[in-house]
Amino acid sequence: MPDSTTCSGGSSPNRRRHHKRRREGRRNSFLRCALFCAYIFSPAQNEMSISSLISSQITVSDAFMQPLPTTQCRLHRQKNYILHVATEPNIDTDTLQKSTLEKMTVKELKSYMTDNNILIPRGEASNLKLKKNIVDFIWNRLNNNDESSTTTITSPKEAAPTSSDDAAAPKTNNRTKRPIGTRMPPLPESSSTSNNDNNNDSTYKLTPKDRIVLEVLDRYPPLHEAIVDACSIDSVLSEGITADNIEHCELNSLSYNVPPGIGENDMRHQYHPMLANATQTDMDVVFVGTASCTPGVTRGVSCTALRLNWRNNREFDQVMNGGQRNKHDPQDQQRASTGGTWLFDAGESTQLSVQKTSSIKPGKISKIFITHCHGDHSFGLPGLLCLMGTDRDRDAPPVEIYGPEGLRMWLRVAIRYSVSRVVPPYRVHELMDVPMAPEWEEGHRRNGRFYYQLKSEGRKGMKWGTKGLAGGDSSSWISRAPMVNLEPNKDFGEIHGGQDIYPVYDHPKSTDGAPVWEVLDDGGVSVFAAPMSHGVPCLGYVVQEDDRPGRLMPENVLPLIERNRKELVESGVRNPMKLMALVKNLPVGGSYTFPDGTVLNQEDVVEPPGKGRKVVICGDTADCRALEGLAQDCDVLIHEATNTFLPGVDKEGTLRLVTRDAKIHGHSTPFMAGDFAKRVRAKRLVLNHFSARYKGDQSIESLTIMTRMERQAMKACELPENAVACAWDFMVLPVPRN
């Protein structure tokens, strides 16, 4: 090649650039010509392309009949590429390749594996972190496949001119054809025909990911069938995906039809262990939104519905006023509003999520509970009220809304600013003086933000405060809201009667001095609240059903009534069968004496009272300890699990670091949720409020991740698999009676 021409000092910059471009053009032309000839005359031309020759450093044999000097040039501002052209066939390819591999860097070795399609079997990637292991793996792979190549990738650091006496044998292609849908080639035939010692090495060992995938496919047959239909491997089509053929199935690369259906038509309702044998009851939980931060394609943000279908409401409507409800009787309105659907949180786009499922009727929502002010828990409230107003009688009882201090004025301003006259009648009850957890300390005074102090963890004697944030920061909304001069107006839905509910600090079920709010006692069900450990004032709610009277055992009463029927009629009892209700309503320890002198005790004919059900709904929290006393022996615990660490999915970090990060942001992991479930002896645990990176659809990727998170919670709470679940949107969970 010509030497570089040195431009004179008087040359202009444009002239120097012109000469430089001409020199580079000649060099590039020479290299492209040589590569083209090498491609035409090389026996391996069917497996190589011009692009691979240009983008790689190669040694080409049988390209020219006469030896050519080593050529070095620069292409497109990339690193130097060196082309060696040899004519003699006596080069020691094996020795050259081994030394070449040992001199290459780790990055160059990985690039070599990619360019030459050397695939890493499942479970072996963790063993290829050191350079020595990578070199041995490539060397053994080449020898096992019996591949002798005349094209050798060389590094610029080790490149040297090759003598004209060297040549290489033609490359042979003995690589087995890879099945469709897999990235890992099958084991070499030589492994299966070797001696017994080698048979142990050829046996495929299931990885933890393979085991969880097989478990998920076994749990959900429709998903298994959909994946099998999309796979083209003969053994999979005939036998399904099993431990013997899963090594050939790269499920992430398959395009299959995810089973359709939402709500109760979702396949998880039929096959998930928690719901497989569930029966319909008069109380159930509907998970309208299960994501955190922002709504996504497969998950909406926080919204949980508790459906109550109390029998006493139906009986009440049948008896009072000839079966008609008196709209002007306050006691009648309060009793009629008992039951229905209660919502906990209404994050952004809740009004859209509610319309996607038949499980929630907007007109039947009677109460709404807000845990805290963050947008993924409250932004959907004004829009939801507008939706409810279009499907609700204007004479219906008002919608009762409960939430932390400041909610009333915020909602009033939002509705008044948007001139939303379609909202139904409502009133807001504020839970006053919600304190921050003692481990949260105020940072910069100018922004009023609180920061989680890791140094405070595990410190005993840390008591909850007795003051909320009102007045502490004059610029905060909680402090400024009472100063806003905006009165309620019935034309915009709000009516008078909203209460300020103050906490009880000496409540018998208080923990560590945490305040407890007695939110309501409404027709056989009570609601309590306690503060959560979060970056803003936040609440967790406990819904407690009253104990039910025991069932009457008629077989112990009817014989006595029949035996004394004549005497009962003579004594003025026209219908002796009404004594059944009289006996059932006897107080504990009471008795009734029949005319023949038989004494019937209440405990002899009435079963023991049935324990009421309890549902605990935690808000965003890094610690639920304030709910520990209220939540004991709950039937369902709904706890957030925003994030976790999953080996193989998360490439960076550890469980300890992820847990630390979750606490700093006021959130929890499945392990933390399981630990609290164990402390309160919860019967069932449901995780929700997942990070946006966790999908909620029925794909194999989503289901394997959710199953792994369930396993983490199970390990912490020691509950069986039918008692732990990761919620998905529109999941319906019945709460059976005890």
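Everything discussed here concerns the structure shown above.
Below you will find a few notes about this structure.

Rules used in this analysis
- Residues numbered from 1 in each chain as written.
- Predicted model: local features only at pLDDT ≥ 70, side-chain atom pairs only at ≥ 80, totals over all residues.
- Heavy atoms only, no water.
- Pairing = 2+ DSSP bridges.
- Helix = DSSP H or I, 4+ residues; strand = E, 2+ residues; numbered from the N terminus.
- Axes fitted to C-alpha atoms, helices over the stretch in contact; angles between N-to-C directions.
- Buried < 20%, exposed > 50% of the residue type's maximum accessible area, 1.4 Å probe, protein only.
- Parallel < 35°, antiparallel > 145°, perpendicular 65-115°, else oblique.
- Contact = heavy atoms within 4.5 Å.
- Expected span 1.5 Å × (residues − 1).
- 1 Å grid on protein atoms, 1.4 Å probe; cavity = no way out; pocket = protein on both sides within 12 Å on 5 of 7 lines; lining within 4 Å.
- Points joined across faces, edges and corners; volume = space filled by probe spheres on them.
- Nonpolar A, V, L, I, M, F, W, Y, C, P; charged D, E, K, R; others polar.

Description of the sheet that holds strand E18 (residues 614-617)
The strands that make up a sheet pair up through hydrogen bonds in the backbone, lying either parallel or antiparallel.
Stage number 1. The strand order E13-E14-E15-E18-E19-E20-E21 describes an open sheet built from 7 strands, whose pairing is mixed. At either end of the open sheet lies a strand with only one pairing partner, and these are strand E13 (517-522) and strand E21 (724-726). The sheet shows a mean angle of 15 degrees between the axes of neighbouring strands, taken without regard to direction.
Stage number 2. Sheet topology places strand E14 (residues 525-531) next to strand E15 (residues 539-545); 7 bridges connect them, and they run antiparallel. When the sheet's bridge partners are listed, Phe 528 is paired in E15 with Val 542.

Thoughts on unusual backbone geometry
Stage number 1. A positive phi angle is found at Arg 681, which is not glycine, with a value near 60 degrees.
Stage number 2. Following the sequence through the fold, Arg 681 ends up in the loop between helix H24 (670-679) and strand E20 (685-688).
Stage number 3. The phi dihedral of Phe 730 is positive, around 75 degrees, even though this residue is not glycine.
Stage number 4. Within the element layout of this structure, Phe 730 appears in the loop between E21 and strand E22 (731-734).
Stage number 5. By relative accessible area, Phe 730 is classed as buried at 6%.

Focus: the pairing of E22
Stage number 1. Residues Met 731 and Leu 733 line one face of E22 and the alternating positions Val 732 and Pro 734 line the opposite face, and both faces are buried.
Stage number 2. As judged from the 4 bridges shared by strand E4 (residues 283-289) and E22, these two strands associate in the antiparallel manner. The partner of Val 285 across the bridge, within E22, is Leu 733.

A look at the packing of helix H8 (residues 208-219) against helix H25 (residues 700-717)
Stage number 1. Where H8 meets H25, the axes come as close as 10 Å, and the angle between the chain directions of the two elements is 105 degrees. The angle between the axes of H8 and H25 places the two elements in the roughly perpendicular class. Contacts between H8 and H25 involve Ile 212, Val 213, Glu 215, Val 216, Leu 217 and Arg 219 from the first element and Ile 700, Leu 703, Thr 704, Thr 707, Arg 708, Glu 710 and Arg 711 from the second.

Some details on H25
Stage number 1. Across its 18 residues, H25 extends 26 Å between first and last C-alpha, which sits within 8% of the 26 Å expected from 1.5 Å per residue.
Stage number 2. Among the 18 residues that make up H25, 14 are buried, leaving the element largely enclosed by the rest of the structure.

Let's talk about the sheet that holds strand E9 (residues 426-431)
Stage number 1. Taken in spatial order, the 8 strands of this open sheet run E12-E9-E8-E7-E6-E5-E4-E22, and their pairing is mixed. In this open sheet, the two strands that pair with only one neighbour each are strand E12 (500-501) and E22.
Stage number 2. Sheet topology places E4 next to strand E5 (residues 303-308); 6 bridges connect them, and they run antiparallel. What sits directly across from Val 286, in E5, is Ala 305.

So, the layout of surface pockets
Stage number 1. Taken as a whole, the second largest pocket encloses approximately 890 Å³ of empty space.
Stage number 2. Residue lining of the second largest pocket: 39 residues in total, with Cys 373, His 374, Gly 535, Val 536 and Pro 537 positioned closest to the centre.
Stage number 3. Among the secondary structure elements, those contributing two or more residues to the lining of the second largest pocket are helix H15 (375-378), helix H17 (407-417), strand E10 (440-442), strand E11 (450-452) and helix H18 (477-480).
Stage number 4. The element contributing the most residues to the lining of the second largest pocket is E11, with 3 residues.
Stage number 5. Across the lining of the second largest pocket, the residue classes break down as 17 nonpolar, 15 polar and 7 charged.

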